[in-house]
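Spelled out from the first residue to the last, the chains are:
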Amino acid sequence: MKKIISILGISATFFFTGIANAEVKIGVIDVMSILQRMPQREAVGKALDKEFDAKIKSLQDVESKAKNASARLKKEGQTLSASEKSKLNKTISDFESKAKAFSNEYRKRESEEAEKLLAKIQEAVKDIVATEKYDLILKAEAALSASDSVDITEKVLEKVKN
């Protein structure tokens with residue numbers, strides 16, 4: 001019985017020593033840098049501008065009317081009738097609600113497109129992990145310090161450019 005326990009103990013020692021000596025390959029990636037430098041980002045920006053161009057022009061017209069209404073309220077506020085003030089205030093509040101709705105819609109679409117770009121980055125990282133046998137990939141923001149030798153940002157950027 002003692003022999004079996006000692007053999008198991010020695011086997012466990014060799015097993016854990018092997019794990020401790022195994023080299024762990026770690027990579028660090030700056031996702032924000034990749035997002036800013038991706039060529040697809042510019043195309044997405046242009047597509048969003050094109051998609052929202054008509055709404056932007058319409059909102060600019062409403063903004064102009066709201067500015068005029070605001071200026072008129074400031075200038076003639078004391079002499080205007082209650083119904084006229086109400087009409088001008090409605091013009092201003094209509095603009096504010098349309099601007100808020102536009103902003104929310106634009107941010108939502110921008111977020112959707114950013115998610116697509118992040119998915120491309122994730123796929124590139126998975127491919128690099130598989131081909132180069134990385135054990136761990138960290139975001140640069142999560143690493144307190146990292147040498148350039150573990151930074152795979154440029155590799156990932158090249159992969160998403162293709």
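Residues numbered from 1 in each chain as written. Predicted model: local features only at pLDDT ≥ 70, side-chain atom pairs only at ≥ 80, totals over all residues. Heavy atoms only, no water.

1. Things to note about the nonpolar core
Here is step 1: I29, I34, M38, I121, V156 and V160 are the most contacted members of the largest nonpolar core, which totals 24 residues.
Here is step 2: Of all the secondary-structure elements, those providing two or more residues to this core are α2 (31-37), α3 (39-76), α4 (82-132) and α5 (153-161).
Here is step 3: In terms of residue count, α4 provides more of this core than any other element does, 8 residues in total.
Here is step 4: Excluding residues within four positions of it along the chain, M38 makes contact with L117, K120, I121, L157 and V160.
Here is step 5: Counting 5 residues, the second-largest nonpolar core is a separate cluster that includes A69, L80, L88 and I92. (Core = buried A, V, L, I, M, F, W, Y, C linked by side-chain atoms within 4.5 Å. Buried < 20%, exposed > 50% of the residue type's maximum accessible area, 1.4 Å probe, protein only. Helix = DSSP H or I, 4+ residues; strand = E, 2+ residues; numbered from the N terminus. Contact = heavy atoms within 4.5 Å.)

2. What about the pattern of salt bridges?
Close approach of charged atoms lets side chains of opposite charge pair.
Here is step 1: The full count for this structure, using the stated rule, is 14 salt bridges.
Here is step 2: D94 serves as the salt-bridge partner of K90, at 3.2 Å between the closest nitrogen and oxygen. With K90 and D94 both in helix α4, this residue pair falls 4 residues apart, about one helical turn.
Here is step 3: Note that K116 is salt-bridged to E113, the shortest N-O span being 3.3 Å. In this pair, K116 and E113 both sit in helix α4, 3 residues apart, roughly one turn of the helix.
Here is step 4: A relative accessible area of 12% places E113 in the buried class.
Here is step 5: The network of salt bridges with shared partners includes E51, R109, E112, E113 and K116. (Salt bridge = Lys/Arg side-chain N within 4 Å of Asp/Glu carboxyl O.)

3. Observations regarding the confidence of the model for the chain
Here is step 1: Chain-level pLDDT for the chain is 85 on average; 86% of the residues reach the 70-or-more range.
Here is step 2: Mean pLDDT in the chain bottoms out at helix α1 (residues 2-21), which sits at 51, and peaks at α4, which reaches 93. (pLDDT = per-residue confidence, 0-100.)

4. Some details on the layout of surface pockets
Here is step 1: Reported here for the largest pocket is a volume of approximately 260 Å³.
Here is step 2: Surrounding the largest pocket, 13 residues form its lining, L35, R41, E110, A114 and L117 being those nearest its centre.
Here is step 3: With 6 residues, the top contributor of residues to the lining of the largest pocket is α4.
Here is step 4: For the lining of the largest pocket, a count of residues per class yields 7 nonpolar, 3 polar and 3 charged.
Here is step 5: In this model, the second largest pocket occupies a volume close to 210 Å³.
Here is step 6: Looking at the second largest pocket, the residues that line it are I29, V31, M32, L35, L118, I121, Q122, V125, I137, K139 and E141.
Here is step 7: Among the elements of the structure, α2, α4 and β2 (136-139) are those that each provide at least two residues to the lining of the second largest pocket.
Here is step 8: A per-element tally of the lining of the second largest pocket places α4 first, with 4 residues.
Here is step 9: Here the residues of the lining of the second largest pocket are counted per class, giving 8 nonpolar, 1 polar and 2 charged. (1 Å grid on protein atoms, 1.4 Å probe; cavity = no way out; pocket = protein on both sides within 12 Å on 5 of 7 lines; lining within 4 Å. Points joined across faces, edges and corners; volume = space filled by probe spheres on them. Nonpolar A, V, L, I, M, F, W, Y, C, P; charged D, E, K, R; others polar.)

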